[in-house]
Amino acid sequence: QLQASGGGLVQAGGSLRLSCAASGAIFRINTMSWYRQPPGNQRELVATLTITGTTTYADSVKGRFTISRDSAKNTVYLQMNTLKPEDTAVYYCNMNLRTLTALRDYWGQGTLVTVSS
């Protein structure tokens, strides 16, 4: 249902853009979020974009990451600038979707971001 892409290896100070596209019979996307799970740590919320356009960010990424969407494509993006080694993690997209049969959260498969020092 959700397909994420865009991860990779980048040097500290560099940039990456993650994408996550939703497919299927979607009536409404309520929220779009990005989470990440650093090696050996729990999954944490990075950024959220609501249906009204409100954005929230974890303190650790404020001013460096930007969440955005293309509603026509049911796609959410995470532009990551000035990357730091501590941003290394598997990044997961999450969407709260209304479909034909359900209202629930869906998760992407995860995409690995590695930031070298």
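These figures come from a predicted structure and were not determined experimentally.

K.L.:
Sorry if this is basic, but what is going on with the sheet that holds strand 8 (residues 75-80) here?
P.N.:
Paired through their backbone hydrogen bonds, the strands of a sheet run either parallel or antiparallel. Pairing is antiparallel in the open sheet, where four strands are placed in the order 1-3-8-7. Sheet topology places strand 1 (2-5) and strand 7 (65-70) at the edges, where each strand pairs with a single neighbour. Looking at each pair of strands side by side, their axes are set apart by 15° on average, direction ignored.

K.L.:
What exactly am I supposed to notice about the packing of aromatic side chains here?
P.N.:
Any pair of aromatic rings gets described here by the distance separating the centres and the angle formed by the planes. Evaluation of the coordinates by the stated rule reveals one aromatic pair. Measuring from centroid to centroid gives 4.9 Å for Tyr-35 and Trp-107, while their planes differ by 55°, and the two rings are tilted. Of this pair, Tyr-35 sits in strand 4 (residues 26-37) while Trp-107 sits in strand 10 (residues 103-107); the two residues are 72 residues apart in sequence, bridging distant segments of the chain. The exposure class of Tyr-35 is partly exposed, given its relative accessible area of 22%. By relative accessible area, which is 37% here, Trp-107 ends up partly exposed. Positioned over the ring face of Tyr-92 is Arg-43, at 3.7 Å from the centre of the ring.

K.L.:
Explain the pattern of salt bridges to me, please; I cannot follow it from the model alone.
P.N.:
Once their charged atoms are close, side chains differing in charge can pair, the charge on each being opposite to the other. Counting across every chain of the model gives four salt bridges. Ionic pairing is found between Asp-87 and Arg-36, a salt bridge with its closest N-O pair at 2.9 Å. Of the two residues, Asp-87 is situated in the loop between strand 8 and strand 9 (89-99) and Arg-36 in strand 4; the sequence distance between them amounts to 51 residues. Grouping residues by exposure puts Asp-87 and Arg-36 together as buried. Notably, a salt bridge pairs Asp-59 with Lys-62, separated by 3.1 Å at the nearest N-O pair.

K.L.:
Is there a simple way to think about the environment of Gly-110 in this case?
P.N.:
Its place among the elements puts Gly-110 in the loop between strand 10 and strand 11 (111-116). Judged by its relative accessible area of 18%, Gly-110 falls in the buried class. Distance in space between the C-alpha atoms of Gly-110 and Val-76 is 14 Å, their sequence separation being 34 residues. Dropping the residues within four chain positions of it, Gly-110 is found in contact with Val-90, Tyr-91 and Tyr-92.

The rules behind the values
- Residues numbered from 1 in each chain as written.
- Predicted model: local features only at pLDDT ≥ 70, side-chain atom pairs only at ≥ 80, totals over all residues.
- Heavy atoms only, no water.
- Pairing = 2+ DSSP bridges.
- Helix = DSSP H or I, 4+ residues; strand = E, 2+ residues; numbered from the N terminus.
- Axes fitted to C-alpha atoms, helices over the stretch in contact; angles between N-to-C directions.
- Phe/Tyr/Trp six-rings, centres within 6.5 Å; stacked < 30°, edge-to-face > 60°.
- Buried < 20%, exposed > 50% of the residue type's maximum accessible area, 1.4 Å probe, protein only.
- Lys NZ or Arg CZ within 6 Å of the ring centre and 35° of its normal.
- Salt bridge = Lys/Arg side-chain N within 4 Å of Asp/Glu carboxyl O.
- Contact = heavy atoms within 4.5 Å.

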